[in-house]
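One-letter residues, chain by chain:
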Amino acid sequence: MIELQGLTKRYGDKTAVDHLTFTVRPGVVTGFLGPNGAGKSTTMRMLLGLDNPTSGDVRIDGKHYAQLSEPLKYIGALLDAKAIHGGRTAYNHLLCMAQSNRIPRHRVDEVLETVGLSAVAKKRSKGFSLGMGQRLGIAGALLGDPEILMFDEPVNGLDPEGIHWIRNLMKGLAAQGRTVFVSSHLMSEMALTADHLIVIGRGRLMADTSMSDFIEKNSRSFVRLRTPQQERFKDVMSRAGHTVVETGDGAFEIADSDAAALGELAAQHQLVLHELSPQRASLEEAFMQLTAESVEYHAGGQMGSAPAGGPGAPVPAGMGAPGAPAAPSPYGASPYGPSPYTPGQGAPQGQPGWQGQGAQGWPQQPGQGGQAGAPPAPPAPPAGQEWGAQWRDNSKKKGR
Ligand SMILES: Nc1ncnc2c1ncn2[C@@H]1O[C@H](COP(=O)(O)OP(=O)(O)OP(=O)(O)O)[C@@H](O)[C@H]1O
């Protein structure tokens, strides 16, 4: 169990972590989310004694990290996969770690096998790909067979097979009753992996809740409908007290309604429906809804002002349609404010703004991190590259 009590970290006049109080419990995967610069890495570093809190307290199974005599047996962590001695072989790197914590040598072979690096165990890690380095970092976290595991962006650089593997690994570790605390910007991945979420923004706690509650509380549900009899449909639904919003792609949305009831109402009025689908927003959307106010680092472009990702990009609900929405949305001009995302869909490609950085379906760059100052307005990235990657600063990440 990891317990934080009023944990605070200030760097000069910058408050990176602001009175954080929460508990990470065993038996579930707890996701740690927050926009760039929210304070996730700083929190994790304090947990491992790599940074001292300005005030407050953080304990691992009731003890401070410094009080753990052989810490790798209590907590295994992956903070920065690149923070290793490149001249050492994978085997020797792990052996050094093992010897420093009186972990038997056979564990080195076991964890190399677990992460799939046995064949390159005698190779120097400086020649490793990003994904191999990540696997080596994960091997180090597993070495002491600890009850608590903490991973900062563990899927960075992993291929789809590797992502699938780490997902199952984390779930398996939690199922064994261990405490698993993981940060990631990949919302789609987090949605598949985490059971519980801790969300922070500008160093402060914003949510400490189950995944399902988080999505339910921070997003809306609605029914999407499509009909060839549009005018009569709007008339019938409005008379029945429903607020109909045109999506811009020929469909309609009705919020907080039951799909079956809407279908029956349509049938009573002999309306033909080509689509009737209940929708629930994604984790990504719920996250953006909650943290919109606390996003610290914006790209130069205005959210929503850029083209929505080129051909094939989803058309945002209530936006882009010739003709205004049939009714005002509770979220403003679009049901999702300035976010150009269609409910339930991933981030459109080519979208500037932090929200796009590492969002669903976007590859993360190595060692990505927050930045100490406001970024310059970024130039357009080459096709296929991630927006924002070019101005990230990893210098503050110390790793282990
Ligand atoms: N050593 C440091 N000196 C000064 N400021 C720092 C230092 N480390 C972090 N910060 C600042 O503290 C804030 C929190 O940074 P942190 O890296 O913890 O955020 P994060 O949530 O991990 O971000 P990201 O998702 O981008 O990795 C940022 O504003 C960052 O610039």
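Computed from a predicted model, the values in this text were never measured in an experiment. The residue numbers shown here count from 1 along each chain, following its written sequence. Residue-level local features of this predicted model are given only where pLDDT is at least 70; pairs of side-chain atoms are given and counted only at 80 or more, and the full residue set underlies all totals for whole chains, interfaces and linings.

So, the overall build of the chain
Broken down by element type, the chain carries ten helices and 13 strands. Considering the chain as a whole, with its 400 residues, one finds that 43% of them fall into the buried category. Contact between two residues is assigned when their C-beta atoms, built from the backbone, lie within 7 Å. Within the chain, contacts between residues at least 6 apart in sequence are counted, and of these 73% link residues at least 24 apart. Going along the chain from the N terminus, every DSSP run of H or I of four or more residues is numbered as a helix, and every run of E of two or more is numbered as a strand. Exposed residues have 12 or fewer other C-beta atoms within 10 Å of their own C-beta, buried residues have 20 or more, and partly exposed residues fall in between, where C-beta atoms are placed from the backbone.

Some words on the sheet that holds strand S7 (residues 179-183)
Here the rule is simple: two strands pair whenever DSSP picks up at least two bridges between them. Strand order across the open sheet formed by six strands is S5-S6-S7-S3-S8-S9, with mixed pairing between neighbours. Among the strands making up the open sheet, the edge pair consists of strand S5 (75-78) and strand S9 (204-210). Each neighbouring strand pair of the sheet contributes to a mean axis angle of 15°, computed without reference to strand direction. In terms of strand pairing, strand S3 (residues 29-33) meets S7 through four bridges, oriented parallel. Bridge assignment links Phe-32 to a residue of S7, and that residue is Ser-183. Helix H4 (residues 130-142) rests against S5 and strand S6 (148-152) of the sheet, and its axis sits at about 170° to S5. Strands S3, strand S8 (196-201) and S9 of the sheet are contacted by helix H10 (residues 283-291), whose axis makes an angle of about 35° with S8. Structural elements are reduced to axes, namely lines fitted to C-alpha atoms, with helices fitted over the stretch in contact, and the angle between N-to-C directions of any two is expressed from 0 to 180 degrees.

Section: the confidence of the model for the chain
Each residue carries a pLDDT score, the predictor's confidence in it, ranging from 0 to 100. Averaged over the chain, the pLDDT score is 75; the fraction of residues at 70 or greater is 72%. Of all secondary-structure elements in the chain, the lowest mean pLDDT belongs to H10, at 79, while strand S1 (residues 2-11) reaches the highest, 97. Taken as a whole, residues 301-400 scores under 50 in pLDDT and shows 194 contacts with residues more than four places along the chain or in a different chain. Under the prediction, the complex receives an ipTM of 0.97, its pTM being 0.68.

Let's talk about the environment of Pro-71
Along the chain, Pro-71 falls in the loop between strand S4 (55-60) and S5. For the pair formed by Pro-71 and Ile-60, sequence separation is eleven residues and the distance between their alpha carbons is 9.8 Å. Each residue touching Pro-71, except ones within four places of it in the same chain, is listed here: Tyr-65 and Asn-101.

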